[in-house]
Amino acid sequence: MSAAWNDWERLRKDPEADPIEVLMAISAFQKYFAAIEKEAVNVARSQGRTWHEIGAALGRSRQAIWQRAASRVDESKAADWEALGQLLEDSWATSAGVRHKIGMSPP
């Protein structure tokens, strides 16, 4: 991450910095801090901290923090369902292929 900070310092001091390069640097930091925030929220919750406490620490409402955390869980579940769907498809294809090879009709 020190390279990112060095790049940021270079951009910050350059009065003619390319705005696209600045935006790319900002995006990298946003992703980095979002990952840290997510982990800190998980740790705080595992320690029994309330959504209200977490929201106050971040300067946001407990509802906003809870909704953000809930949407991450939904995204995770969606990825799990996609992976399960792919496994079922693969299993079905394998089953159909085996049945075909031994002369059985497909299921």
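Residues numbered from 1 in each chain as written. Predicted model: local features only at pLDDT ≥ 70, side-chain atom pairs only at ≥ 80, totals over all residues. Heavy atoms only, no water.

A. Representation of the packing of helix α2 (residues 19-46) against helix α3 (residues 51-58) within the structure. Two numbers describe how α2 lies on α3: the axes approach to 10 Å, and their chain directions differ by 145°. The interaxial crossing formed by α2 with α3 has right-handed handedness. The residues of α3 that touch α2, namely those facing Glu37, Val41, Ala44 and Arg45, are Trp51, Ile54 and Leu58. Of the residues in the contact of α2 with α3, the class split is five nonpolar, no polar and two charged. (Axes fitted to C-alpha atoms, helices over the stretch in contact; angles between N-to-C directions. Helix = DSSP H or I, 4+ residues; strand = E, 2+ residues; numbered from the N terminus. Left-handed = near helix turned anticlockwise from the far one by under 90°. Contact = heavy atoms within 4.5 Å. Nonpolar A, V, L, I, M, F, W, Y, C, P; charged D, E, K, R; others polar.)

B. Broad picture of the side chain of Glu37. Here Glu37 lies in helix α2. For Glu37, a relative accessible area of 15% corresponds to the buried category. In this structure the side chain of Glu37 is engaged in a polar contact, spanning 3.0 Å, whose partner is the side chain of Arg60. (Buried < 20%, exposed > 50% of the residue type's maximum accessible area, 1.4 Å probe, protein only. Polar contact = N/O pair within 3.5 Å; in protein donor to acceptor, adjacent residues only side chain to side chain.)

C. Focus on the environment of Trp51. Tracing the sequence through the fold places Trp51 in helix α3. Between the C-alpha atom of Trp51 and that of Arg62, which follows or precedes it by 11 residues, the distance is 4.9 Å. For Trp51, the residues in contact, after removing those within four places along its chain, are Val41, Arg45, Arg62, Ile65, Trp66 and Ala69.

D. Structural detail: the confidence of the model for the chain. Taken as a whole, the chain shows an average pLDDT of 82; of its residues, 76% reach a score of 70 or greater. Looking at the elements of the chain, mean pLDDT is at its lowest for helix α4 (residues 62-101), recorded as 72, and at its highest for α3, recorded as 94. (pLDDT = per-residue confidence, 0-100.)

E. Spatial organisation of the packing of aromatic side chains. Evaluation of the coordinates by the stated rule reveals four aromatic pairs. Each ring, one from Phe29 and one from Phe33, has its centre 6.4 Å from the other, and the planes form 25°; the classification is stacked. Of the two residues, Phe29 and Phe33 both sit in helix α2, four residues apart, roughly one turn of that helix. (Phe/Tyr/Trp six-rings, centres within 6.5 Å; stacked < 30°, edge-to-face > 60°.)

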